[in-house]
Amino acid sequence: MTQELSDTLFLSSIYVGLSLAMIVFIAKANRTIIFGCSVYFLLVGVSVWIAGYKWILIGSIGFMIMAMSYTLWVIYQQSRECIRDIKAMHEEEKRAEHSKNDEHEESTHGQ
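Residues numbered from 1 in each chain as written. Predicted model: local features only at pLDDT ≥ 70, side-chain atom pairs only at ≥ 80, totals over all residues. Heavy atoms only, no water.

## Digging into the overall build of the protein chain
When helices and strands are tallied, the protein chain shows 3 helices and 0 strands. Ordered by position from N to C terminus, the α and β elements of the protein chain give α-α-α. The contacts in the protein chain between residues at least 6 apart in sequence include a share of 75% that link residues at least 24 apart. For the protein chain, the computed accessible surface area is about 8900 Å², with 65% contributed by carbon and sulfur atoms. (Helix = DSSP H or I, 4+ residues; strand = E, 2+ residues; numbered from the N terminus. Contact = heavy atoms within 4.5 Å. Areas by Shrake-Rupley, 256 points an atom, 1.4 Å probe, with all protein chains shown as cover.)

## A closer look at the nonpolar core
Core analysis: the largest hydrophobic core is formed by 5 residues, namely Met-22, Ile-23, Phe-63, Met-64 and Ala-67. Among the elements of the structure, helix H1 (3-26) and helix H3 (56-110) are those that each provide at least two residues to this core. Of the residues forming this core, the biggest block, 3 residues, is contributed by H3. (Core = buried A, V, L, I, M, F, W, Y, C linked by side-chain atoms within 4.5 Å. Buried < 20%, exposed > 50% of the residue type's maximum accessible area, 1.4 Å probe, protein only.)

## Section: H1
For H1, built from 24 residues, the straight-helix expectation of 34 Å at 1.5 Å per residue is met to within 8% by its first-to-last C-alpha distance of 35 Å. Restricting attention to buried positions, one finds in H1 the residues Thr-8, Ser-12, Ser-19, Met-22, Ile-23 and Ile-26. (Expected span 1.5 Å × (residues − 1).)

## A look at a nonpolar patch on the surface
On the surface, Phe-10, Leu-11, Ile-14 and Leu-18 cluster together into a nonpolar patch covering about 360 Å² of accessible area. Considering the arrangement of structural elements, one finds Ile-14 in helix H1. (Patch = residues over 30% accessible without salt bridge, like charges linked within 9 Å, V, L, I, M, F, W, Y side chains within 5 Å. Salt bridge = Lys/Arg side-chain N within 4 Å of Asp/Glu carboxyl O.)

## Observations regarding the packing of aromatic side chains
According to the stated counting rule, one finds 1 aromatic pair in the structure shown. When the ring of Trp-73 is compared with that of Tyr-76, the centres are 5.7 Å apart and the planes differ by 35°; the resulting orientation is tilted. Of this pair, Trp-73 and Tyr-76 both sit in helix H3, 3 residues apart, which is roughly one turn of that helix. (Phe/Tyr/Trp six-rings, centres within 6.5 Å; stacked < 30°, edge-to-face > 60°.)

## Focus on the environment of Ser-60
Position of Ser-60 among the secondary structure elements: in helix H3. A residue is classified by how much of its surface remains accessible, and Ser-60, at 3% relative accessible area, is buried. Sequence separation between Ser-60 and Val-44 is 16 residues, and the spatial gap between their C-alpha atoms is 8.3 Å. Those residues in contact with Ser-60 that sit more than four places away from it in its chain are Ser-12, Tyr-15 and Val-16.

Structure, rendered in structure tokens:
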């Protein structure tokens with residue numbers, strides 16, 4: 001194995017490892033990403049088998065970009081959901097405070 005091929009495989013394994021870590025982190029949010037990753041690995045594997053090892057680094061970088069963009073999308077969706085929940089809780093607290101104040105005013109006027 002040449003030094004260039006060894007370096008290429010090492011870099012590719014680092015990129016794929018980081019990408020898989022991101023996928024595992026977000027796999028709970030959506031199960032379809034696992035199917036997409038499987039198809040992508042199949043395509044890269046066939047490309048590497050046909051064209052040689054020079055495409056494995058490009059494939060692993062592409063996989064890392066795909067995993068990062070999907071991870072950012074999931075984080076964005078979850079943060080929007082959290083902000084919406086926080087706003088709903090804040091509105092509920094306001095309503096509860098207003099109804100408490102109204103009940104207090106009615107009880108003082110009724111006496």
